[in-house]
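The residues making up each chain are set out below.
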Amino acid sequence: AQSVTQPDIHITVSEGASLELRCNYSYGATPYLFWYVQSPGQGLQLLLKYFSGDTLVQGIKGFEAEFKRSQSSFNLRKPSVHWSDAAEYFCAVYSGGYQKVTFGTGTKLQVIP
Amino acid sequence: DAGVTQSPTHLIKTRGQQVTLRCSPKSGHDTVSWYQQALGQGPQFIFQYYEEEERQRGNFPDRFSGHQFPNYSSELNVNALLLGDSALYLCASSYLGTGNEKLFFGSGTQLSVL
């Protein structure tokens, strides 16, 4: 069964600092991997996804993520955080076809001035 | 082009009651999935509908049921509500051709059970 672990429940960074959110997945083959962002009281917006090809994936809002098969990781990064990036971030895994998308428990990002 | 729309946005019910939540998928989408997101948790898959049939189901009791209409819109019904059913219920739509690779989420229905 596919699963996702986000070890950091809450992260605080200063505006302008770099950011890395961790994600580890469990799945036998190479899955689809996603990062979604959720603002309070809102649905989820897709930031980026990976399935194959270049292991460094660029997304919207200046985010990127790197797939590392040897570590079963798909960490999200941003070089310089803006106050508007404060939100909850979810990593997700999907094995293809009509299989479900499985989400991690999320990392809440707080941005301080 | 409207995205995924859900109604109502907020709902308050008491234990034992029944509730119906509604979802209209993004234009061109034919598949609807429902997720439950409890406070402080990630979304949990409830079920998915395609061609008016439940195609896959997560680990939820039979109190949770759904329906998909010919226009691809969908309803989620929950019977005999429990306090633990309080959550944000998210609808996501997709197109069969792309599977769940491209899910579009609505803003959700916040259900409070008292």
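As shown above, the structure is provided for reference.
About the criteria used
- Residues numbered from 1 in each chain as written.
- Chains lettered and ligands numbered in written order.
- Predicted model: local features only at pLDDT ≥ 70, side-chain atom pairs only at ≥ 80, totals over all residues.
- Heavy atoms only, no water.
- Salt bridge = Lys/Arg side-chain N within 4 Å of Asp/Glu carboxyl O.
- Helix = DSSP H or I, 4+ residues; strand = E, 2+ residues; numbered from the N terminus.
- Buried < 20%, exposed > 50% of the residue type's maximum accessible area, 1.4 Å probe, protein only.
- Phe/Tyr/Trp six-rings, centres within 6.5 Å; stacked < 30°, edge-to-face > 60°.
- Contact = heavy atoms within 4.5 Å.
- Buried area = accessible area lost by both parts, 1.4 Å probe.
- Polar contact = N/O pair within 3.5 Å; in protein donor to acceptor, adjacent residues only side chain to side chain.
- Nonpolar A, V, L, I, M, F, W, Y, C, P; charged D, E, K, R; others polar.

A.B. asks: Sorry, what's going on with the pattern of salt bridges here?
C.D. replies: Residue and element names in this part refer to chain A. Summed over the entire model, instances satisfying the criterion amount to 7 salt bridges over all chains. The salt bridge involving Arg77 is made with Glu64; its shortest N-O contact spans 3.2 Å. Of the two residues, Arg77 is situated in strand E9 (residues 73-78) and Glu64 in strand E8 (residues 64-68); the sequence distance between them amounts to 13 residues. Assessed through its relative accessible area of 19%, Glu64 is described here as buried.

A.B. asks: So what exactly am I meant to see when it comes to the packing of aromatic side chains here?
C.D. replies: The geometry of an aromatic ring pair is captured by the separation of the ring centres together with the interplanar angle, meaning the angle of the planes. Following the criterion strictly, the structure yields 17 aromatic pairs over all chains and no others. Consider the rings of Tyr36 of chain A and Phe105 of chain B, whose centres lie 5.6 Å apart with planes at 85 degrees: the pair is edge-to-face. Residue Tyr36 of chain A is found in strand E5 (residues 32-38), and its partner Phe105 of chain B is found in strand E10 (residues 104-105); the two belong to separate chains. Their ring planes at 90 degrees and their centres at 5.5 Å tell us that Phe103 of chain A and Tyr35 of chain B sit as a pair that is edge-to-face. Of this pair, Phe103 of chain A sits in strand E11 (residues 101-103) while Tyr35 of chain B sits in strand E4 (residues 31-37), on two different chains. Members of the aromatic cluster, each reached through a chain of ring pairs, are Tyr32, Phe34, Tyr36, Phe51, Tyr94 and Phe103 of chain A together with Tyr35, Phe45 and Phe105 of chain B.

A.B. asks: Would you mind showing me how to read the interface of chain A and chain B here?
C.D. replies: When the parts of a complex come together, some accessible area is lost, and that lost area is often used as the size of the interface. On the chain B side, the residues contacting the 19 residues of chain A number 21 residues. With both chains or domains summed, chain A and chain B bury close to 1,700 Å², and 52% of this area falls on carbon and sulfur atoms. At the junction of chain A with chain B, the criterion picks out 0 salt bridges. Joining chain A to chain B, the criterion identifies 3 residue pairs in polar contact (both at pLDDT 80 or more). Secondary structure elements with two or more residues in the side of chain A that touches chain B: E5, strand E6 (44-50), strand E10 (87-94) and E11 of chain A. With 4 residues, the single largest contributor to the side of chain A that touches chain B is E5 of chain A. Split into classes, the residues belonging to the side of chain A that touches chain B amount to 9 nonpolar, 8 polar and 2 charged.

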